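# Understanding the architecture of this molecule
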Amino acid sequence: MAAAAGTAATPGPGEPQAAAGALSRTPGPQTPRTPGGSSGALTPPSTPSAPLTPTAEESQRELPSAHSGPAMSRRVVRQSKFRHVFGQAAKADQSYEDIRVSKVTWDSSFCAVNPKFLAIIVEAGGGGAFIVLPLAKTGRVDKNYPLVTGHTAPVLDIDWCPHNDNVIASASDDTTVMVWQIPDYTPMRNITEPIITLEGHSKRVGILCWHPTARNVLLSAGGDNVIIIWNVGTGEVLLSLDDMHPDVIHSVCWNSNGSLLATTCKDKTLRIIDPRKGQVVAERFAAHEGMRPMRAVFTRQGHIFTTGFTRMSQRELGLWDPNNFEEPVALQEMDTSNGVLLPFYDPDSSIVYLCGKGDSSIRYFEITDEPPFVHYLNTFSSKEPQRGMGFMPKRGLEVNKCEIARFYKLHERKCEPIVMTVPRKSDLFQDDLYPDTPGPEPALEADEWLSGQDADPVLISLRDGYVPPKHRELRVTKRNILDARPPSGPRRSQSASDAPLSQHTLETLLEEIKALREQVQAQEQRITALENMLCELVDGTD
């Protein structure tokens, strides 16, 4: 089996133990898996010495070895357009320098990115804060650059809205969730007033996740073991799942159309939940037997990809079929590092990237329908450990450079972009690398989703390169708090504004105009006095 799924890359130190990419268990004291279901790739054949007869398709893929002969075996290389994906760190002038990344002990990515902005949770005295930078603002960041402040305790998680590149949500240790609207221009001072504050948790909130297809639907999970689904546009609680998790929730993930949730919990149980019915559809106890935190994401095929730990504290990855949780589709031990593996899954290429907090590498695997189902591709390694990681949506990549993924690696004092590229000689658009991908348009309104409707994401083509809109206003079918407060530019005229100015705004503008008028008058008087003095000096010299 390992030969049937090998890759040209040779694993280095710290890479998976299956050098050829096969995800069968390595020999050891583990309990052997019984054959059956979709776990056939995990169990060694009953007669290991028996020769394996290749199929016709495999025979066509056989490559002769360098010293072919009667006694030499042939090696089979799995065909994949992603076998040669390589990572490359950006140049120094393309990084973001002098950023004080947060040191709070929480297993989140600390970074969120979209085609417009880069957001990073930073150290802040007297509360929590994060910084929002335009992607083009590389180089050294001024120490007085405005922050987004408002939380009274450290910020634990941030997430950009997939349907509006100017809206970001933040979760904090102060038990609140705040939603912010970021202007396209650089503000002059800290942003302290959120568009809306969502209060419903009794303990810290550490997980945020926007709905992939419904407008203004946001999920939050807190230390009170409760999952709340909000309508951000109205500030209402749509659903509250408060009796499904007996312990701390480690991760929550939507499936592609937002009809199901995959959650992991400190009780070592992986759950598939239908939030609108309020019931657990399927669950698996001890998907990973260790007590350390576990992560789970849905794949394009409808499977669940998980990362966790064994009883011996070895890191482990797994692939599960929700329709048959008895046996894993694939299970592989990784290494003995203690950092939690954060999975970033790209449904367009079906590649999952594993980034461990405290690691200095990114490992990536391709998930297919062929055994052993999870194929090791390669590892990007660097010298510095990572404090967090941001993952750019597909519509923010440079398609003319065959870029299939871009990460934003957090160091102690900077953020460094890392680009994943498929080597191609042609400069033309590569249709096979860039299928239509989810765009910024929502497929449903919040009320439609709550009533039971499901819809796949609205797809866009990347053939001409994605150009983000300058500004998108959030809209819902009924009263929307976010519509009442669109961000206005620093020189936006009143005639161009869609909403009337409030009394407070008018008073503020009048005060500023009055102060400017007084300052101009004072400067005019000073200029007149200086001119008179100059005239007196000139007359004296004559």
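Structural data are supplied above this passage.
Residues numbered from 1 in each chain as written. Predicted model: local features only at pLDDT ≥ 70, side-chain atom pairs only at ≥ 80, totals over all residues. Heavy atoms only, no water.

### What to know about a nonpolar patch on the surface
A cluster of nonpolar side chains, namely Leu506, Leu509, Leu510 and Ile513, defines an oily patch on the protein surface of about 350 Å² accessible area. Taking the relative accessible area as the measure of exposure, Leu510 reaches 58% and is therefore exposed. (Patch = residues over 30% accessible without salt bridge, like charges linked within 9 Å, V, L, I, M, F, W, Y side chains within 5 Å. Areas by Shrake-Rupley, 256 points an atom, 1.4 Å probe, with all protein chains shown as cover. Salt bridge = Lys/Arg side-chain N within 4 Å of Asp/Glu carboxyl O. Buried < 20%, exposed > 50% of the residue type's maximum accessible area, 1.4 Å probe, protein only.)

### Looking at the pattern of salt bridges
Going through the model one piece at a time under the given rule, you end up with 19 salt bridges. Between Arg413 and Asp98 there is a salt bridge, and its shortest N-O distance comes to 2.6 Å. Taken together, the residues span a long stretch of sequence, with Arg413 in the loop between β31 (403–410) and β32 (414–421) and Asp98 in the loop between β4 (96–97) and β5 (111–113) at a distance of 315 residues. Here Lys116 makes a salt bridge to Asp184, at a shortest N to O gap of 3.1 Å. With Lys116 in the loop between β5 and β6 (117–122) and Asp184 in the loop between β12 (176–181) and β13 (196–199), this residue pair connects regions lying 68 residues apart in the sequence. When salt bridges with common partners are traced through the structure, they connect Arg315, Asp335, Asp359 and Arg363 into a single cluster. (Helix = DSSP H or I, 4+ residues; strand = E, 2+ residues; numbered from the N terminus.)

### Overview of the packing of aromatic side chains
Inspection of every chain in the model, using the stated rule, returns 13 aromatic pairs. Their ring planes at 70° and their centres at 6.3 Å tell us that Trp320 and Phe325 sit as a pair that is edge-to-face. On the basis of relative accessibility, which here comes to 0%, the residue Trp320 falls in the buried class. The buried category is assigned to Phe325, whose relative accessible area is 9%. Taking the centre distance of 6.1 Å and the plane angle of 50° together, the rings of Tyr353 and Phe391 count as tilted. (Phe/Tyr/Trp six-rings, centres within 6.5 Å; stacked < 30°, edge-to-face > 60°.)

### Considerations on empty space enclosed by the protein
Here the structure, examined in full by the defined rule, presents three cavities of 30 Å³ or more. Size it by volume and the largest cavity reaches roughly 100 Å³. Around the largest cavity, the lining is made up of 14 residues, and of these Val132, Tyr145, Ile182, Pro187 and Ile191 lie nearest the centre. Residues belonging to the lining of the largest cavity are distributed by class as follows: 12 nonpolar, one polar and one charged. Approximately 50 Å³ is the volume found for the second largest cavity. Lining the second largest cavity are His250, Cys265, Lys266, Lys268, His288, Gly290, Met291, Arg292 and Met294. Taken together, the residues that form the lining of the second largest cavity break down as three nonpolar, three polar and three charged. (1 Å grid on protein atoms, 1.4 Å probe; cavity = no way out; pocket = protein on both sides within 12 Å on 5 of 7 lines; lining within 4 Å. Points joined across faces, edges and corners; volume = space filled by probe spheres on them. Nonpolar A, V, L, I, M, F, W, Y, C, P; charged D, E, K, R; others polar.)

### Quick look at the sheet that holds strand β15 (residues 217–222)
Read across the open sheet, the four strands follow the order β14-β15-β16-β17; overall the sheet is antiparallel. Lying at the two open borders of the sheet, with one neighbouring strand each, are β14 (205–210) and β17 (236–241). Going from strand to strand, the sheet's axes swing by 25° on average, the running direction of each strand aside. For strand β16 (residues 227–231) and β17, the ladder comprises five bridges, and the chain directions are antiparallel. The partner of Trp230 across the bridge, within β17, is Val237. (Pairing = 2+ DSSP bridges. Axes fitted to C-alpha atoms, helices over the stretch in contact; angles between N-to-C directions.)

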